[in-house]
Each structure stands twice: as C-alpha cells, then as structure tokens.
There are 2 protein chains.
Amino acid sequence: MSATLLDQIRFDPAGLVPAIAQQHDTGEVLMMAWMSRASVEETLATGRVCYWSRSRAALWRKGETSGQTQRLVELRVDCDGDTVLLLVDQTGVACHTGRHNCFFRALRGETLTTIAEPLVAPESLYPER
Amino acid sequence: MSATLLDQIRFDPAGLVPAIAQQHDTGEVLMMAWMSRASVEETLATGRVCYWSRSRAALWRKGETSGQTQRLVELRVDCDGDTVLLLVDQTGVACHTGRHNCFFRALRGETLTTIAEPLVAPESLYPER
C-alpha cells in the first residue's frame, strides 16, 4: 500500500520531496514544505500532516506546538513523482506569522506588498518561544 | 523593482526556488517547477511564465514548444521567501501528459489512482519528439 505509493514518489538526494498543502474545499494554497519517507508514512498512518523540518532536521508534526493541525483529506502525486499535493483541512492558520496561508506577499506593480494580516498573534501560537 | 523582489526570494544553493503554478480563477494547482533568478526576471519582463529546467539545465519557456503557455496574473512569495506562488492563466493543459494539471494521481484507500485523463494527445503537444 504505502509501499506502492512510496515507490512512486521520487525523493531527492536529501531524501525529501516538496509538498504543497491546499485547503481541500476552498483551493487556497496554504504553504509548501518538505516531506521525508518517514513523514509521508506517519501522515498516512495518523491522517495528520507531518513534514520534515530541514532547519531542525526532524519530523515536524504540523500543529504539535501551535495546535494549528492539518487533517489529510487526500494525497496526490504529480506526473513525474517529484512533488506531492496534500489536500488538507487546516485548523486555524497555516502560517507561523498567524496568517491563514504563507503566501501573503504579492508583487503589485513593482512592489512586494503584504496582502493579508495575521488572524491570530504569532506569540499566542508559540507561547514557549 | 524586481531587484527588491529578487532580494526577497531565497534561492537554494543551486540558485533555484520552487514555484507553484495555480490557475488564478479556479484555484486549481496546475504544477510545481523551479525558477532561477533569470527565469523570474524573464517572467516579470514578458508576463509569460519561464521556469528553469533542471533536466535540460536551461531556461524553460513554458509552452514554447507545446503552445500551452502560462500568462502571469500575480506573483506571490511565502513567509520565509523560499517558495513562489504563481497565479496564472493557463492556455490549454499544464501537464506534458495532456492533462490539465500534473496532480492526476491520488491515493484512494491504499491505491494510487489516476483521477484525470488527458484532454489532448501528448504527441500533439510535442510533434517533433
């Protein structure tokens, strides 16, 4: 099962694959992060999205600290197997800045402009920081 | 202008940044590819999306061969600057298989299942191949 799936994913030399998280019912692209083989396996086993944190070099159970979890609705793989699309149901906000998604800066004319404000205070998401 | 934008994009050690292409009006995630600094600059200059082909190690003017171009509607950058979201208007199909998007394989239960068929014959896209 996941063996079949995992065989179809082409992990890069670092053992990672980019994963796009999209809110399943609105189409909003929430974030992009990386998954290792183990994080894909855990995500499928638990139904909660688990990434690989490149900065911490550890499994990153999305929302474990902040509570802003992602329930997996469907996992898709692209034509050449080197990107994963996660249809998810996002609890709260996806971005560590407190915004609903991470793509809140848009090039408008010649200026990169902030187009969304935080919905929650970032410090409330990570109280121990 | 693009200097400001380009300063905010964190290219990886290979000089590339992952770019997600999303159909601007439907929210459909079409594909994921890579951009170099030069491909971002060309995309902004022309309004047509230009990626970097890692396999060919060359600028990849999307649709140059197939005619399936992507007009840039808006460019967004994520919170830490290491992913780009391209809102585009796709002409024809985004995927080289002739499907509208590249994410046509979904894990349904334990099986990776094809959930979309080609809209055009791939050989009609690349007649010289």
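Further up the page is the structure itself.
Conventions and cut-offs
Residues numbered from 1 in each chain as written. Chains lettered and ligands numbered in written order. Predicted model: local features only at pLDDT ≥ 70, side-chain atom pairs only at ≥ 80, totals over all residues. Heavy atoms only, no water. Salt bridge = Lys/Arg side-chain N within 4 Å of Asp/Glu carboxyl O. Helix = DSSP H or I, 4+ residues; strand = E, 2+ residues; numbered from the N terminus. Buried < 20%, exposed > 50% of the residue type's maximum accessible area, 1.4 Å probe, protein only.

**Considering the pattern of salt bridges**
In a structure, side chains of opposite charge can pair up when their charged atoms sit close to one another.
Link 1 in the chain: Enumeration over the complete set of coordinates arrives at twelve salt bridges over all chains.
Link 2 in the chain: For Glu42 of chain A, the salt bridge goes to Arg61 of chain A, with nearest N and O atoms at 2.5 Å. Taken together, the residues Glu42 of chain A in helix α2 (residues 37-46) and Arg61 of chain A in strand β4 (residues 58-61) connect sequence positions 19 residues apart.
Link 3 in the chain: On the basis of relative accessible area, Arg61 of chain A is assigned to the partly exposed category, the value being 34%.
Link 4 in the chain: Note that Glu117 of chain A is salt-bridged to Arg99 of chain A, the shortest N-O span being 3.9 Å. Here the residue Glu117 of chain A occupies a position in the loop between β8 (111-114) and α3 (122-125), and Arg99 of chain A occupies one in the loop between β6 (84-90) and β7 (105-108), the gap between them amounting to 18 residues.
Link 5 in the chain: Note on Glu117 of chain A: relative accessible area 51%, which makes it exposed.
Link 6 in the chain: One salt-bridge network, in which partners are shared between bridges, spans Glu74 and Arg76 of chain A together with Arg108 of chain B.

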